Amino acid sequence: MPRRTHVAATVNGEEVEFLCEPRQSLLEVLRENLRLTGAKEGCNNGNCGACTVMMNSVPVNSCIVLAVEADGAEIETVEAIARQGHMHPIQQCFLEGAALQCGVCTPGFLVAAKALLEKNPNPGEHEIRFNLAGNLCRCTGYDKIVRAVQDAAEIMQSAQPAAVK
Amino acid sequence: MIPFDYAAPATVEEAVALLAEKNGQAKILAGGTDILVQLREGLRRAELVVDVKKIPELTDLNYSPETGLVLGAAVPCYRIYENAAVAAAYPALADATRIVGGWQIQSRASVGGNLCNASPAGDTIPPLIVYDVVCRIAGPKGLREVSAAEFCAAPGRNVLEPGELLISLAFPPVAPHSGSAYQRFIPRNEMDIAVAGAASWVQLDPAGKTIEKARIALAAVSPKPVYAEEASVWLAGKPANEESFAHAGELAKKVAVPIDDMRGTREYRVHLASVLTRRTLADAVKRAT
Ligand SMILES: Cc1cc2nc3c(=O)[nH]c(=O)nc-3n(C[C@H](O)[C@H](O)[C@H](O)COP(=O)(O)OP(=O)(O)OC[C@H]3O[C@@H](n4cnc5c(N)ncnc54)[C@H](O)[C@@H]3O)c2cc1C
Ligand code: FES
Ligand code: FES
């Protein structure tokens, strides 16, 4: 029986330590050991993006990352997107634009969309669809999701001082 | 997933020792986008998973116009296409790394892993073949080199012996007046496995009118990605125009011996091989001028 391994990582800005088996995925440990149930298990094989989290500033599917690989890494989950009880514009726009139905895909979309807007504050429709192609949604048909991302981009840009552009 | 042990060695020597000790019962982990899925689904088994991402030679990316690119085997796709100098120097590689899975996959998936996984449809493999990349391998008997065209053996099998690992991929410096491109055909816009794929590389004369050298490679039309030798050789000395591209496409499809499956019939794939050859040649020539 493989030994349980000690892992130390930064999760949502806090230093955490946990014991896990090498075969456990980061998704499993986030949900079951750390009780961060925002990231969802859709397919468990890398296809759907419902388990998307940021790992060292890039989006990954946490179902195909081993929890032991997170040792020393910085992880950010959907739980860190709202700050001090205030929704992030991307969350606000998903809600107001009805960009979700069952909601299983939503945490993954939020994490990936926020990462996209940080990389490119003003993405076109094609770019949004291309960058979010690793996130599948069985309910919405995607159009409302794309629009929510565009709306969030507008809000975030108008909140920036004009000189930045 | 069946339980296994995990090790993350910091040097090539340690990794080789671990692999040799387990004698085939260890599996190498780079980005994990193939191997973790295969372990979970029981398609492969491991007593030990050896994570190679702590080994500097496997995670370094070194490019200089004079010496070319040395790409660590475990460097993920996004570090290639986000590197402007590398993407400009090796555009077929940039094309392929941009379409491996979606963004989340590209954050982890490596070119070395794509090659070692040896899928007939591996998108980054035809670019490696057309750049005539040298694969640097370490093992219990020391170092050896294999050309990218010789690296895959059969679907899911490569030429590595037990205990060996791929260290890096060495790309020659960019030749003057050269260009390259990779394209695949999939029924969706993104996130799918190639029905067929083609990479082309060309070097033109200084006037940009005549092809001096060319290399073409195909994916998903044979048991392993394949160099289209006859078409490549024929192009030398031919005018860089649509007629040449079309004839090269006809010659290239002769190496296509695809299977029929849910993604496409044999006939369809053979046809795609010629179409994608023609299109990537046109793109490669455009990029060379
Ligand atoms: C949702 C999804 C979409 C995908 N889309 C595509 C696609 O569009 N195109 C495509 O080509 N592939 C695709 N793939 C497959 C996969 O992402 C690629 O093959 C990827 O490049 C593998 O790289 P990796 O670093 O994740 O490899 P890993 O999974 O870590 O390893 C792959 C194999 O190579 C071995 N290996 C890894 N590194 C070494 C080394 N240094 N030396 C010796 N052996 C080694 C491993 O043991 C394993 O057998 C997709 C996969 C998923 C899950
Ligand atoms: S649950 Fe991870 S990609 Fe679907
Ligand atoms: S809202 Fe149900 S899967 Fe997207």
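To keep things clear, this report deals only with the structure shown in the data block. As a convention, each chain's residues are numbered from 1 in the sequence order in which they are written. Going through the entries in the order they are written, you letter the chains from A and number the ligands from 1. With the structure being a predicted model, the display of local features is reserved for residues of pLDDT at least 70 and the display and counting of side-chain atom pairs for 80 or more, all residues being used for whole-chain, interface and lining totals. For side-chain calculations, the full set of non-hydrogen atoms in the structure is used, while hydrogens and water are omitted.

It is worth spelling out the overall build of chain B at this point. Numbering goes from the N terminus for both helices and strands, where a helix is a DSSP run of H or I of at least four residues and a strand is a run of E of at least two. Looking only at helices and strands, chain B features 13 helices and 14 strands. As a reference, a globule follows 2.2 Å times the number of residues to the power 0.38, and the radius of gyration itself is taken over C-alpha atoms. At 19 Å, chain B has a C-alpha radius of gyration in line with the 19 Å of a compact globule built from 289 residues. C-alpha atoms of chain B, sized along the principal axes, occupy 55 × 45 × 35 Å. Pairs of residues are marked as contacts when any of their non-hydrogen atoms sit within 4.5 Å. Within chain B, contacts between residues separated by at least 24 positions form 62% of all contacts whose residues are at least 6 apart in sequence. Here, Shrake-Rupley sampling with a 1.4 Å probe gives the accessible areas, and only protein chains in the shown set may cover a residue. Here chain B has roughly 11900 Å² of accessible surface; of this, 53% comes from carbon and sulfur atoms. A gap of 3 Å separates the mean positions of the 30 positive and 32 negative side-chain charges of chain B. Lys and Arg are tallied as positive, Asp and Glu as negative. Neither His nor the chain termini are counted. Charged side chains are reduced to one point each, which is NZ for Lys, CZ for Arg, CG for Asp and CD for Glu.

Time to look at the site of ligand 1. The cutoff for a nearby residue is simple: one of its non-hydrogen atoms must lie within 4 Å of the molecule or strand. Near ligand 1 lie 32 residues; those nearest to it are Ile 28, Thr 33, Asp 34, Ser 110 and Asp 123 of chain B. Chain contributions to the surroundings of ligand 1 come from chains A and B. Definition of a polar contact: a pair of N or O atoms within 3.5 Å, with one able to donate and the other able to accept a hydrogen when the atoms are protein atoms, and with sequence-neighbouring residues admitted only if both atoms are side-chain atoms. At 2.7 Å, a backbone N or O of Ile 28 of chain B approaches an oxygen atom of ligand 1. Note that a nitrogen atom of ligand 1 is positioned 2.7 Å from one of the side-chain N or O atoms of Asp 123 of chain B. Protein burial of ligand 1: of its 980 Å² of free accessible surface, 92% is covered by the chains. At the level of elements, strand S2 (26–29), helix H8 (111–117) and strand S10 (165–171) of chain B are the ones that each hand at least two residues to the shell around ligand 1.

Mapped onto the elements of the fold, Ala 199 of chain B is located in strand S12 (residues 196–204). Taking the C-alpha atoms as reference points, Ala 199 of chain B and Gln 183 of chain B, 16 residues apart in sequence, are found 6.6 Å from one another.

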